[in-house]
Amino acid sequence: MTTNVAVGQQQAECLGGTALPPGSSSIEEVTAAAVEFLSMYYAERQLQGAAERIAGVREEVASTGTYWHTPAELAYGARVAWRHSARCIGRVRWSGLMVRDRRTVTLVADIAVELAEHLRVADNGGRVRPVITVFAPDHPTTGPRARLWNDQLIRYCGWQLGDRLLGDPAQVGMAAAALRLGWQPPSAPGPFDLLPWVIETADEDPTVVQLPVHLVREVALTHPRYGWFAELGLRWYALPVISNMRLRIGGVDYSCAPFNGHYLGDEIGSRNLSDVDRYDQLRAVAAGLELDTSSTSALWREHAALVINQAVLHSFQAAGVRISDPHTESELFMRFCAAEERAGRPVYGDWSWLNGSVGWAALHAVHHRYYDIRTPPDPNFWHPTRPSFLRPTLQDRHHPTGRREG
Ligand code: ARG
């Protein structure tokens, strides 16, 4: 059965991710990464006792192939992984990440309970706060102990209905996978059907778990000036919880560590709803605006995208759901850059991701500088695009040859 592999690839592609660095599970590599992380941790936090801790970890790695972070190391490591995330413009908030240490939770049913709690805590009545829930670390030889097939905890299904696509095209594979695993879909497919979770652990087969929909906050989109906008029937969820990236701290991988911040309007308005391979709504909005769409050089796409972005920001704000606009985020990101430079650290950044599409060069400081694009440092978050995404135990069960393209 190759379902698992196919879904993994599809997710990796849709996230456009960075590859994991080549497996660093040798004793030497884990030790080197651990020493580097612990040295940083003790230095940045101005703690005593680095040498003793490092000596202890060296021994632990030598005899077990890995080591167990203290809760404080885990929390700090997760926060620094955010600080190092080159594509994120919201990093000024890195030290405020709430870290839920759930490393002893390993069964599907218990993981599901914790995921629900993550949604509740992070949603925070609409005042979305940044949260990560860290489940068991990967085993040094057998790989992930738990993994989510979903790329986010909240996502809308994609339905291929003959030659027509309904919903989120990026999630067609995931919806099909859930169906194959026995999920009961809504009686009639709609454009915004919530996907269930698919959770897999080292000891249990991939299992479909119903999403606790009462914990999912959604915002129906309206525009402050155009009454017709509401009739497009567009909506989006409040909480983007990335659930398939691997957190790596000091050489230890956490394949199941869902995390969230709050949305930047652009993500929804310019990408999710406007991209032609996503909800592709620019033409519908242009029709509402009665724009001439016969020539792209009339900039009707830009005009429509701006109106969708206004609708997203307006609707979220009116609903009391935390969301950022590009002006605010650009300014905050400059503060982050300044703080990093004051601390003597490089500002890792991926220019093309940091700069959104509404708000142009003239408006936002974030455009007017370069960022450090050397190999992303550890701690960090990684996309599951390497074969190590499916380490032996999980891989064998679904793909007997262990082979995987891409
Ligand atoms: N771009 C993704 C989406 O539109 C979410 C990525 C994380 N975004 C965030 N603001 N934390 O769903």
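Since the structure is predicted, the reported quantities are computational estimates derived from the model, not experimental observations.

A. Representation of the overall build of the chain within the structure. When helices and strands are counted, the chain shows twelve helices and 16 strands. A buried classification covers 54% of the 406 residues belonging to the chain. Considering only contacts in the chain between residues 6 or more positions apart, those separated by 24 or more positions represent 70%. In the structure as shown, the chain presents an accessible area of about 17,600 Å², 54% of it carried by carbon and sulfur atoms.

B. Summary view of the packing of aromatic side chains. All chains considered together, the criterion is met by 17 aromatic pairs. Geometrically, the ring pair formed by Tyr156 and Phe192 is edge-to-face, given 5.0 Å between the ring centres and 80° between the ring planes. Note that Tyr156 is positioned in the loop between β3 (146–148) and β4 (158–161) and Phe192 in the loop between α6 (172–180) and β6 (197–201), a separation of 36 residues in sequence. Relative to Tyr279, the ring of Trp236 lies with its centre 5.7 Å away and its plane at 85°, an arrangement referred to as edge-to-face. Placement of Trp236 in strand β9 (residues 235–237) and of Tyr279 in the loop between α7 (265–272) and α8 (282–288) is noted, with a sequence separation of 43 residues between them. Residues Trp236 and Tyr279 agree in their burial class; the two are buried. Grouped by ring-pair contacts, the aromatic residues Tyr156, Phe192, Trp236, Tyr237, Tyr263 and Tyr279 constitute a single cluster. The ring of Trp94 carries the charged tip of Arg83 above its face, separated from the ring centre by 4.7 Å. Over the ring of Trp353 we find Arg87, and its NZ or CZ is 4.1 Å from the ring centre.

C. Representation of the sheet that holds strand β1 (residues 98–101) within the structure. Across the sheet, which stays open at both edges, the four strands sit in the order β1-β2-β13-β10 with mixed pairing between neighbours. Looking along the sheet, the strands with just one partner apiece sit at the ends: β1 and β10 (241–242). Relative to strand β13 (residues 259–260), strand β2 (residues 131–134) runs antiparallel, the two being bridged by two bridges. For Val131, the partnering residue across the bridge sits in β13 and is Asn260. Across the face of the sheet, helix α4 (residues 71–83) comes into contact with β1 and β2 while running at roughly 135° to β1. Contacting β1, β2, β10 and β13, helix α5 (residues 108–123) crosses the sheet at an angle of about 165° to β2.

D. Quick peek at the pairing of β4. Two elements, β4 and strand β5 (residues 164–167), share four bridges in a ladder whose sense is antiparallel. Bridge pairing in β5 places Gln160 opposite Leu165. The antiparallel hairpin formed by β4 and β5 contains two residues in its connecting segment, where Gly162 sits at a positive phi of about 60°.

E. Structural detail: the sheet that holds β3. The sheet built from three strands is open, its strands ordered β3-β6-β7 with antiparallel pairing. Both edges of this open sheet fall to β3 and β7 (207–209), since each of them pairs with a single strand only. Within this sheet the neighbouring strands show an average axis-to-axis angle of 30°, counted without direction. Looking at chain direction, β3 and β6 are connected through three bridges and run antiparallel. Within β6, the residue paired with Arg147 across the bridge is Glu200. Sheet strands touched by α5: β3, β6 and β7. Its angle to β6, the strand with the most contacts, is close to 135°.

F. Fine view of the packing of helix α2 (residues 27–44) against α4. One way to put it is that α2 packs onto α4 with a least axis distance of 11 Å and a crossing angle of 95°. Judged on the interaxial angle alone, α4 and α2 are roughly perpendicular. Mapping the contact onto sequence places Phe37, Leu38, Met40, Tyr41 and Glu44 in α2 and Ala72, Glu73, Tyr76, Gly77, Val80 and Arg83 in α4.

G. Highlighting the site of the ligand. Inspection of the region around the ligand gives Gln152, Arg155, Tyr237, Pro240, Ile242, Gly261, His262, Tyr263, Glu267 and Asn272 as its neighbouring residues. In this structure, Tyr263 approaches the ligand through a side-chain N or O atom, which is 2.6 Å from an oxygen atom. Contacts to the ligand include Glu267, whose side-chain N or O atom sits 2.7 Å from a nitrogen atom. Contact with the protein chains hides 75% of the accessible area of the ligand, taken as 350 Å² for the molecule alone.

H. Looking closely at unusual backbone geometry. The residue after Asp378, namely Pro379, is reached through a cis peptide bond having omega -5°. With respect to the secondary-structure elements, Pro379 resides in the loop between α11 (351–354) and β16 (380–382). Here Glu290, not a glycine, exhibits a phi torsion of approximately 55°, which is positive. By the secondary structure assignment, Glu290 is in the loop between α8 and α9 (300–318).

The rules behind each value
Residue indices begin from 1 for each chain and proceed along its sequence in written order. In keeping with the model being predicted, local features are shown solely for residues with a pLDDT of at least 70 and side-chain atom pairs are shown and tallied solely at 80 or more, while totals for entire chains, interfaces and linings include all residues. By convention in this description, side-chain values take in all heavy atoms of the structure and omit both hydrogens and water. Helix numbering and strand numbering both begin at the N terminus, where a helix is a DSSP run of H or I of at least 4 residues and a strand a DSSP run of E of at least 2. Accessible area is worked out with a 1.4 Å probe on protein chains only. A residue is then buried under 20% of its type maximum, exposed over 50%, and partly exposed in between. Residues count as neighbours in contact if any of their non-hydrogen atoms are within 4.5 Å of one another. Accessible surface is estimated by sampling points in the Shrake-Rupley manner with a 1.4 Å probe; for residues, cover comes only from the protein chains shown. For this analysis, a ring pair means two rings from Phe, Tyr or Trp (six-membered ring only for Trp) whose centres lie within 6.5 Å, classed as stacked if their planes differ by under 30 degrees, edge-to-face if by over 60, and tilted for the remaining angles. Only when the NZ of Lys or the CZ of Arg is both within 6 Å of the ring centre and within 35 degrees of the ring normal is a charge said to sit over the ring. We call two strands paired when DSSP finds no fewer than two bridges between them. Every angle, taken between N-to-C directions, lies between 0 and 180 degrees, and every axis is a line fitted to C-alpha atoms, over only the stretch in contact when it is a helix. Any angle that falls under 35 degrees is termed roughly parallel, while one over 145 is termed roughly antiparallel, one within 65 to 115 roughly perpendicular, and all others oblique. Nearness is judged by heavy atoms alone; a residue qualifies as near a molecule or strand once a single heavy atom is within 4 Å of it. What qualifies as a polar contact is a pair of N or O atoms within 3.5 Å, subject to a donor-acceptor requirement within protein and to the restriction that residues adjacent in sequence count only when both atoms come from side chains.

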